[in-house]
Amino acid sequence: MVRDTVLRVADSMLAARRVDTPDYVISKDTLSGNIEYKASDSIVLIVPTRDMTLYSKAEAKYSGSDLTADHIVYDQDRNVVIARPGTDTAGKTMGIPKMVQADNTMTADSIVYNIKTQKGITQNTITNSGEMFVHAKTMKKITPEEYFGWKGVFTTCNLDTPHFAFRTNKMKVVNKKFAVTGPIHPEFEGVPLPIYLPFGFFPLTTGRHSGLLPPQFTANDQAGLGLEGLGYYKVFSDNLDAIIRTNLYSYGGWNLYITPEYRVRYHYSGTMNFALQNTKLLADAGKDAFTESRTFSFNWSHQMDQKARPGTNFSANVNVASTKYNQYLLNNPTANYTNQLSSSVTYSKTWDGKYNLTVSGTHNQNNSTKVINVSMPNIAFTAPTIYPFAKSTFVGTPKWYEKFGVGLSSTISGGASFADSLFSLKRLVDTFQWGAQNSIPISLALPLKGPVQVSPGVSFQNRLYSRKLFRKYDPVTNRVDTVSLQKGVFYANDMSFSLSLATAIFGTFQGFGRNSNLMGIRHVIRPTVSISYKPDLSGPYYYNLTTPYDTTAGKAKLTHVQRVSYFDGSTYGPFGEGRFGGISFGLDNHIEIKLRNKSDTSSSGSKKVTLIDGFGFNGSYNYLADSFKLSPITFYFRSTLFGTINITGGASLDPYQTDSMGFDINKYAWDAKKLSLGRITNGNLAISTSFKSKPKDAKLDQQKQQLLNAQGQMPMTMEEQQAQLNYIRNNSAQYADFNIPWSLNLSLAFNFTNSEKPDYTGFQTTITSSLNWSGDFNLTDKWKIGLNGYYDLKYTKLQSLTMNISRDLHCWQMSINVTPVGYSHYFNVTINPKAGILQDLKINRTKYFYDQ
């Protein structure tokens, strides 16, 4: 039985094989796929010789290869394809053979190619791999990836007669890997240079690869001759690489830069930069011949992909440096004027889309005052608003009491402040202080009745402090000193009740006539009024501080008394003193116009233009105060005129008269003999705009914008932006857009503030005003001139001026950068190829010095 079963199984298997096996024999020269071919003139098949010829605009496709030529001959017996060009009636060559395989393109005077073995030979060939173009009089393909060439050149110029090249008699090319040659020499415009090398090696691979980074020569009057940028690029893995660079100067100074970068796709990415400067410069004056300093800088930027862990996020933006680090950056004029550095590291977690916990640490430092402030840890917890009277399921219109809500926000923060030269662990512990704050807002959104929205609210706040200080004026030192500092746990409370009313008033005017382009004006007024009450829960934490008007021989003549808090300078600051029972008011305006398009009479042939985004004022009046009932009035204005000019401004109006020291007295300004509405204590105005011409090629400009949008970009820190701007300044030719004939960017900033002096003896006014500009224009189709600068309006002095000239040399580029005005003076000339594969092949001349 077993034997019979085995025989039956064997018979069934043989039957299956007889069914699956075709009953014809496959020829050994049969191709692995179909050949698709076409021609615009004719296709001739010679049956005896099994030759097929395609005439005029011939094209053949086989297994990922696309061959075009004037005529193509296919020898079926040998599986050989022969492609050649033709001539027109005027004797001009047409239909030059061209073969495209994946991302490799080859053109030649003739192509002989075996489509089965993928071997072939070409004459007068031009092929490219990435950015590299290879020309050869004769080229032989022995494998799908390997070529041998005779009398060839290597270049990154895409012209048939390249502007520059490396010429050799023998070469071997391994596609997407490398090319090696015999003796080789460079030439420009067909003229050979007397520089000969025994062999040549050209990497053709794409992606990241470890290797040396060549330097550039510089000259500096204070630092000496230098080599800048000498280093090494190391790829540790697919997720980690690092750049190590150094600058060496003949007077003994040196800089070291270590920049690792990491990236795990769909999880996180980041970069670090550690810089160490050992500065040694010729001194302008003094007994020492050199000015020496050792400074450092550390930057860390980290981003987490939001899709990696929904509800959890971690980010870092750390910028720490010695206070004199930016001062000794010899070739970066923008960083020389940067005196503010800040850092933040934040972790946040959200549960159920409601509860949020945030833990962070921050740092900021002022390089002018050399004061460093560190705030950590900062912990914040926020709970969503709870509606205790709301139904579990909403059916119909909710009752008014169902919108009664209670929220919670709690924060804890600690920090310290110290001077960089006095830093020590003991001082860090001594100056460390912490605080906590709890806020419970209670709100009730009443249903809208008519045009007025009514919203009552209650707020309770509680703050904890770690210290309590008492200050007093010292006539000996003529300043206010801290007399006692008590550490412990102290608390203060604050509570307020409010009822706010808001509405909107609309007005239009359309009487401009049919022939006017202006169809109408629309004005929206949004007044707000809030009635509130706040009891005085912070009064016990305030005391009188008496300071003199002036001193003569150390004795005070006139004095001024002001109320200050025991918790001044604390983490969260003190609550305001005194009761408040009054109104807060505000008025906001919005104006827009409607313009008619005469060329389009349809309903869509008009457009709305906003003239003023918003302007108005805010203030309050305290009926319960025994003095200073009217608060300062805050004015604001913002607009985007014509969609290009951005204007923002603001000011604060103090409605009271002042004494001889500048302190307010309880008399309104308009009660004085001289009519006045008050005095402006602070204000700001910022105007910025950007203009540029239409692109020469609109399609090219659109493609460029689409490419930038598709690539995307991670947010950059201020220091990364400065580093990028500095690189653009030093390599302006790489970023010159000749498609835009001209562009201009302008920004004006004006700020002033009247603040109390640190010694409480009066007020001082601080004014800053500046004008920044940048722009460029095409002198010709190949020359572009750029200019940017910074002018200090307060001191009427040009603080910084940088100029650059760019020249498009087709496959090469030239840039000239000059900084004649600024903290550092800089001159640089660079000529280099555009191709990234030859980015280190450049002619560079750099010289700079700075004002000590």
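Residues numbered from 1 in each chain as written. Predicted model: local features only at pLDDT ≥ 70, side-chain atom pairs only at ≥ 80, totals over all residues. Heavy atoms only, no water.

## Here we look at the overall build of the protein
Argument step 1. Helix and strand content of the protein: six helices and 53 strands.
Argument step 2. Across the 852 residues of the protein, 34% fall into the buried class.
Argument step 3. The contacts in the protein between residues at least 6 apart in sequence include a share of 50% that link residues at least 24 apart.
Argument step 4. With the model as given, the accessible surface of the protein reaches about 50,000 Å², and the carbon-plus-sulfur share is 59%. (Helix = DSSP H or I, 4+ residues; strand = E, 2+ residues; numbered from the N terminus. Buried < 20%, exposed > 50% of the residue type's maximum accessible area, 1.4 Å probe, protein only. Contact = heavy atoms within 4.5 Å. Areas by Shrake-Rupley, 256 points an atom, 1.4 Å probe, with all protein chains shown as cover.)

## Here's the deal with the side chain of H590
Argument step 1. Mapped onto the secondary structure, H590 falls in strand β40 (residues 580-596).
Argument step 2. Looking at H590, the relative accessible area reads 17%, which means it is buried.
Argument step 3. For H590, the residues in contact, after removing those within four places along its chain, are R522, H523, V524, R526, T610, I612 and D613.

## Some points on the pairing of strand β42 (residues 633-641)
Argument step 1. Note: strand β41 (residues 606-622) against β42, five bridges, orientation antiparallel. Bridge pairing links G614 to R638 in β42.
Argument step 2. Alignment of β42 against strand β43 (residues 645-654), held across nine bridges, turns out to be antiparallel. Paired with F637 across the bridge in β43 is G649. (Pairing = 2+ DSSP bridges.)

## Things to note about the nonpolar core
Argument step 1. Counting 19 residues, the largest nonpolar core has V134, F154, V173 and F202 as the members making the most contacts within it.
Argument step 2. If you list the elements that add at least two residues to this core, you get β12 (132-141), β13 (146-155) and β14 (164-174).
Argument step 3. Contact partners of V134, with chain neighbours within four places excluded, come to T125, I126, T127, M139, V153, F154, M171 and V173.
Argument step 4. Judged by nonpolar contacts, the second largest core, of 16 residues, contains Y62, V81, M99 and I111. (Core = buried A, V, L, I, M, F, W, Y, C linked by side-chain atoms within 4.5 Å.)

## A short note on the environment of K834
Argument step 1. Secondary-structure assignment places K834 in the loop between β52 (824-833) and β53 (843-850).
Argument step 2. Judged by relative accessible area, which is 40%, K834 ranks as partly exposed.
Argument step 3. With 24 residues separating them in the primary sequence, K834 and H810 have C-alpha atoms 8.3 Å apart.
Argument step 4. Leaving out residues up to four positions away in the same chain, K834 has contacts with D808, H810, C811, W812 and Q813.
Argument step 5. In this structure the side chain of K834 is engaged in a polar contact, spanning 2.8 Å, whose partner is the backbone oxygen of H810. (Polar contact = N/O pair within 3.5 Å; in protein donor to acceptor, adjacent residues only side chain to side chain.)

## Observations regarding empty space enclosed by the protein
Argument step 1. The tally for this structure, following the rule as stated, stands at four cavities of 30 Å³ or more.
Argument step 2. When residues of the lining of the largest cavity are traced back to their parent elements, those giving at least two are β8 (98-101), β9 (104-107), β10 (110-114), β11 (119-129) and β12.
Argument step 3. Taken together, the residues of the lining of the largest cavity sort by class into eight nonpolar, four polar and one charged.
Argument step 4. Taken as a whole, the second largest cavity holds about 50 Å³ of empty space.
Argument step 5. Together, N104, T127, N128, S129, V134, Y147, V173, N175 and L204 line the second largest cavity.
Argument step 6. Residue composition of the lining of the second largest cavity, grouped by class: four nonpolar, five polar and no charged. (1 Å grid on protein atoms, 1.4 Å probe; cavity = no way out; pocket = protein on both sides within 12 Å on 5 of 7 lines; lining within 4 Å. Points joined across faces, edges and corners; volume = space filled by probe spheres on them. Nonpolar A, V, L, I, M, F, W, Y, C, P; charged D, E, K, R; others polar.)

## Comments concerning the pattern of salt bridges
Argument step 1. A full pass over the atoms with the stated rule returns 18 salt bridges.
Argument step 2. Residues R78 and D75 are paired through a salt bridge, measuring 2.9 Å at the closest nitrogen-oxygen approach.
Argument step 3. Across the pair R479 and D481 runs a salt bridge whose closest N-O atoms are separated by 2.9 Å.
Argument step 4. Connected through salt bridges with shared partners, the residues K38, E59 and K61 form a single ionic network. (Salt bridge = Lys/Arg side-chain N within 4 Å of Asp/Glu carboxyl O.)

## Remarks on the layout of surface pockets
Argument step 1. Of the volumes computed, that of the second largest pocket is approximately 1,100 Å³.
Argument step 2. Lining of the second largest pocket is provided by 30 residues; of these, R563, E577, S627, F628 and D664 occupy positions nearest its centre.
Argument step 3. Counting only elements with at least two residues in the lining of the second largest pocket, the list comes to β39 (559-565), β41, β46 (679-692) and β47 (742-756).
Argument step 4. For the lining of the second largest pocket, the element with the most residues is β39, which contributes four residues.
Argument step 5. In the lining of the second largest pocket, the residues fall into eleven nonpolar, ten polar and nine charged.

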